[in-house]
Amino acid sequence: MDANPHVNDPRQHINEEPRNDLFDLMNGFFGMLTLMAVIFFGMVILKFIAS
């Protein structure tokens, strides 16, 4: 018998934390959208100040 009896079955997902994937996706999407909007409007304001 070469089988190791102490190997965990990967299908058990013992260490997996409960996550809400849709909330994580929406959070990342709107976070990046907000960051890009802030950068965009900041650059527009800088352009008006410089001209």
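These numbers were taken from a predicted model, which means no experiment stands behind them. All residue numbers refer to positions counted from 1 along the written sequence of the respective chain. Side-chain atom pairs in this predicted model are given and counted only at pLDDT of 80 or more, local residue features only at pLDDT of at least 70, and totals for whole chains, interfaces and linings cover all residues. As a rule here, side-chain values come from all non-hydrogen atoms in the structure, and water together with hydrogens is ignored.

1. Focus: the overall build of the protein
Segments assigned H or I by DSSP are reported as helices when at least four residues long, segments assigned E as strands when at least two residues long, and all are numbered from the N terminus. Looking only at helices and strands, the protein features 1 helix and 0 strands. Evaluated residue by residue, the protein yields a buried proportion of 0% over its 51 residues. Every accessible area reported is derived by Shrake-Rupley at a probe size of 1.4 Å, with residue values counting cover from the shown protein chains alone. Carbon together with sulfur atoms contributes 67% to the accessible area of the protein, which is approximately 5,500 Å² in total. Three exposure classes are used, based on accessible area relative to the maximum for each residue type with a 1.4 Å probe and protein chains only: buried under 20%, partly exposed in between, and exposed over 50%.

2. Looking at the UniProt feature "transmembrane region" (unreviewed entry) in the protein
Within the UniProt annotation, "transmembrane region" (unreviewed entry) is assigned to residues 29-50. Taken end to end, residues 29-50 is 100% helix and 0% strand, and its two terminal C-alpha atoms sit 31 Å from one another. UniProt positions are given in the numbering used here, feature names are shortened, and annotations may be inferred rather than shown by experiment.

3. Overview of the packing of aromatic side chains
Side-chain rings of Phe, Tyr and Trp, where Trp is taken by its six-membered ring, are said to pair if the distance between their centres is within 6.5 Å; with planes under 30 degrees apart they count as stacked, over 60 as edge-to-face, and otherwise as tilted. Taken as a whole and judged by the stated rule, the model has 2 aromatic pairs. Where F29 meets F30, the ring centres are 5.3 Å apart and the plane angle is 80°; that geometry is what we call edge-to-face. Relative to F41, the ring of F40 lies with its centre 5.1 Å away and its plane at 70°, an arrangement referred to as edge-to-face.

4. Quick notes on a nonpolar patch on the surface
Side chains of M32, L35, M36, I39, M43, I45, L46 and I49 sit close together on the surface and give an oily, nonpolar patch of about 830 Å² of accessible area. Note on placement: M43 falls in helix α1 (residues 21-50). Since its relative accessible area comes to 52%, M43 is described here as exposed. For patches, a residue must show more than 30% relative accessible area and have no salt bridge; joins then use 9 Å for like charges and 5 Å for nonpolar side chains, namely Val, Leu, Ile, Met, Phe, Trp and Tyr. Salt bridge criterion: a side-chain nitrogen from Lys or Arg within 4 Å of a carboxyl oxygen from Asp or Glu.

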